[in-house]
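If you want the building blocks of each chain, they are given just below.
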Amino acid sequence: MIQSPLQAVIFDFDGVLVDSEPAHYRAFQAVLEPRGLGYDWATYLDHYIGFDDRDGFREAYAAAGWTLSEGELESLIAEKGEAFEGEMAAGLAPIEGAVACVRRLAKAFPLALCSGALRGEIEPTLRQLGLTDCFRTLVSAEDVAHSKPDPESYALATARLGRELGETLSGSACAAIEDTPAGLASAQGAGLKVVGLAHGSGHGLDGAHAVVESLEAVDPDFLRGLW
């Protein structure tokens, strides 16, 4: 069994590697506003950020007191996916310092990616950024029954990475890099130590083991210092 201290690093995707949250917000609104269920950017940041598409739509319907069948949910997800493809075609900019951070850490640790985004959104962007080979495995929205803040996705990412390494990898031997309260709760629930990426506010990241303003601050020695 791989022992602590730090043995692996798991990255979030949206808001950590790419500046995709505004694009997700616009895609959600393209689906919700015609149904009278739209909300503003501040509400997205306060409540919806960190949910995958499935739970994002469930929350929006629940907030209005509406019921949502599984069939309609799948239709909404498909419609939002089409809207987001249009956003992706325009290009998603990387978070400042993200590409260099991934490459820096990949030289020292095995890396995984754990996201509430769809695999079809993640993989093209990783290819565009030249980061595909840096990650040993990834967990996307399709892989779990419960999205962040549930710990399922991080527990699965840890287990998959361990299998890639041929070892049993403990969450306590991993660091996560997250930018949302939901992601923080998910990673900590699976036993990981968490670096919060503040984006100038740090809202909801007070419980992280460390908070940084930029990924330029995150290197192997910084992460080892969390232990």
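Residues numbered from 1 in each chain as written. Predicted model: local features only at pLDDT ≥ 70, side-chain atom pairs only at ≥ 80, totals over all residues. Heavy atoms only, no water.

J.: Can you explain the sheet that holds strand β4 (residues 174–178)? Please cite residues and give values.
T.: Here six strands make up an open sheet; going across it, the order is β3-β2-β1-β4-β5-β6 and the pairing parallel. Each having just a single partner strand, β3 (137–139) and β6 (210–212) make up the two edges of the open sheet. The mean angle between the axes of side-by-side strands here comes to 20°, regardless of whether they run parallel or antiparallel. Examined bridge by bridge, strand β2 (residues 111–114) and β3 share three bridges and lie parallel to one another. Residue pairing across strands places A112 opposite T137, the latter belonging to β3. In this fold helix α5 (residues 98–106) packs onto β1 (8–11), β2 and β4, with an angle of close to 160° to the strand it touches most, β1. (Pairing = 2+ DSSP bridges. Helix = DSSP H or I, 4+ residues; strand = E, 2+ residues; numbered from the N terminus. Axes fitted to C-alpha atoms, helices over the stretch in contact; angles between N-to-C directions. Contact = heavy atoms within 4.5 Å.)

J.: How would you sum up the side chain of S140? Please name residues and give values.
T.: Inspection of the secondary structure assignment puts S140 in the loop between β3 and α7 (152–165). Of the polar contacts made by the side chain of S140, one reaches the side chain of E142; its length is 2.7 Å. (Polar contact = N/O pair within 3.5 Å; in protein donor to acceptor, adjacent residues only side chain to side chain.)

J.: Could you give an account of the pattern of salt bridges, naming the residues involved and the relevant values?
T.: All chains considered together, the criterion is met by twelve salt bridges. Residue D53 is joined to K80 by a salt bridge in which the shortest nitrogen-to-oxygen separation is 2.9 Å. Linking D53 in helix α3 (residues 53–63) with K80 in helix α4 (residues 70–89), this pair joins segments that are 27 residues apart in sequence. Each member of the pair, D53 as well as K80, carries the same accessibility label: buried. Measuring nitrogen to oxygen at the nearest pair gives 3.1 Å for the salt bridge that ties R160 to D143. Of the two residues, R160 sits in helix α7 while D143 sits in the loop between β3 and α7, which places them 17 residues apart along the sequence. For D143, a relative accessible area of 25% gives the class partly exposed. Sharing partners across several salt bridges, the network here consists of R119, E123, D143 and R160. (Salt bridge = Lys/Arg side-chain N within 4 Å of Asp/Glu carboxyl O. Buried < 20%, exposed > 50% of the residue type's maximum accessible area, 1.4 Å probe, protein only.)

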